[in-house]
Amino acid sequence: MARSSEKNLSDACMISAVRPATEARAEEAIEAIKGGKVIAVPTDTLYGFACDACSSEAVNRIYEIKGRRHTSPLAICVGDVSDIPRYAVTDHLPSGLLDALLPGPVTVILGRGDSSILEKSLNPGLDSIGVRVPDSDFIRVICRGSRSALALTSANLSGQPSSVSIKDFEDLWEHCAYVYDGGILPSGRAGSTIVDLTRLGKYRILRPGSAKEETIAILERHSLTEGS
């Protein structure tokens, strides 16, 4: 009986950490981020683990949860396209390109540059950074409220299938301050399309993801050509 009671208590604690991904819960999520916690959130593609990208302790916690090597880089998420120049180099890009791509299911790889306010401990040794502005109001509100970029990675153990519902990573709930439930995400498990935009006038698709064709069409309308 004692073991059963302990299990029921543990299950109740995990369930109590699950919240609906609604605007009413955003302030709670923002405070968790500011406090150096890891939360799980829906995006426009997959569920992700998120934390303050400028907190080395929180970033290390994400690596621990996923069982991921620190040599695998994390992307960042910001609330608005206008925030991106604080963290990455954009002045070589055609006018309007980022606004055409984002918000949406795309990760753009850009140079960090000397003016980036990102902590050096995030992806050490790399001079580029993947940046997302998901087409998802909940996570964007959290970004704006935290006044920081969020480190963002898929909510799963490293090497395991990506998550389109919170049930897919139920065994990892206990490691998160909160798990925000946005239902079953419709985009499948392809994730975002990753495109390298570090070179002037060139693009390179690093992962097809869920929006490859639309992304290429936008890039080519802005006169970028595919690089090797």
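Residues numbered from 1 in each chain as written. Predicted model: local features only at pLDDT ≥ 70, side-chain atom pairs only at ≥ 80, totals over all residues. Heavy atoms only, no water.

1. Examining the pattern of salt bridges
Inference 1: The final tally for this structure, using the stated rule, is 9 salt bridges.
Inference 2: Across the salt bridge formed by Arg19 and Glu28, the nearest N and O atoms sit 3.2 Å from each other.
Inference 3: Linking Glu64 and Arg61 is a salt bridge whose minimum nitrogen-to-oxygen distance equals 3.3 Å. Of this pair, Glu64 and Arg61 both sit in helix α3 (residues 56-66), 3 residues apart, roughly one helical turn.
Inference 4: Several salt bridges converge on common partners, so that one network encompasses Arg19, Arg25 and Glu28. (Salt bridge = Lys/Arg side-chain N within 4 Å of Asp/Glu carboxyl O. Helix = DSSP H or I, 4+ residues; strand = E, 2+ residues; numbered from the N terminus.)

2. Some remarks on the packing of aromatic side chains
Inference 1: Taken as a whole and assessed by the stated rule, the structure comprises 4 aromatic pairs.
Inference 2: When the centroid spacing of 5.9 Å and the interplanar angle of 50° are considered together, the rings of Tyr47 and Phe169 count as tilted. With Tyr47 in strand β3 (residues 47-52) and Phe169 in the loop between β7 (150-154) and β8 (178-181), this pair connects stretches of sequence that are 122 residues apart. Each member of the pair, Tyr47 together with Phe169, is buried.
Inference 3: With 5.9 Å between their ring centres and 85° between their planes, Phe49 and Phe169 make a pair best called edge-to-face. Of this pair, Phe49 sits in strand β3 while Phe169 sits in the loop between β7 and β8, and the two are 120 residues apart along the sequence. Both residues of the pair, Phe49 and Phe169, belong to the buried class.
Inference 4: Three or more aromatic residues link up through ring pairs in this structure, and these residues are Tyr47, Phe49 and Phe169. (Phe/Tyr/Trp six-rings, centres within 6.5 Å; stacked < 30°, edge-to-face > 60°. Buried < 20%, exposed > 50% of the residue type's maximum accessible area, 1.4 Å probe, protein only.)

3. Side note on the nonpolar core
Inference 1: Counting 51 residues, the largest nonpolar core has Phe49, Ile76, Ile84, Val108, Phe169 and Leu197 as the members making the most contacts within it.
Inference 2: The set of elements that each furnish at least two residues to this core consists of β3, α3, α4 (97-101), β5 (106-111), β6 (128-132), β10 (202-207) and α6 (212-221).
Inference 3: By residue number, the principal contributor to this core is α3, which donates 5 residues.
Inference 4: Not counting residues up to four positions away in its chain, the partners in contact with Phe169 are Ala40, Tyr47, Phe49, Ala155, Ser163 and Val179.
Inference 5: If you look at the next biggest cluster of nonpolar residues, it comprises 16 residues, including Ile30, Ala50, Cys77 and Leu152. (Core = buried A, V, L, I, M, F, W, Y, C linked by side-chain atoms within 4.5 Å. Contact = heavy atoms within 4.5 Å.)

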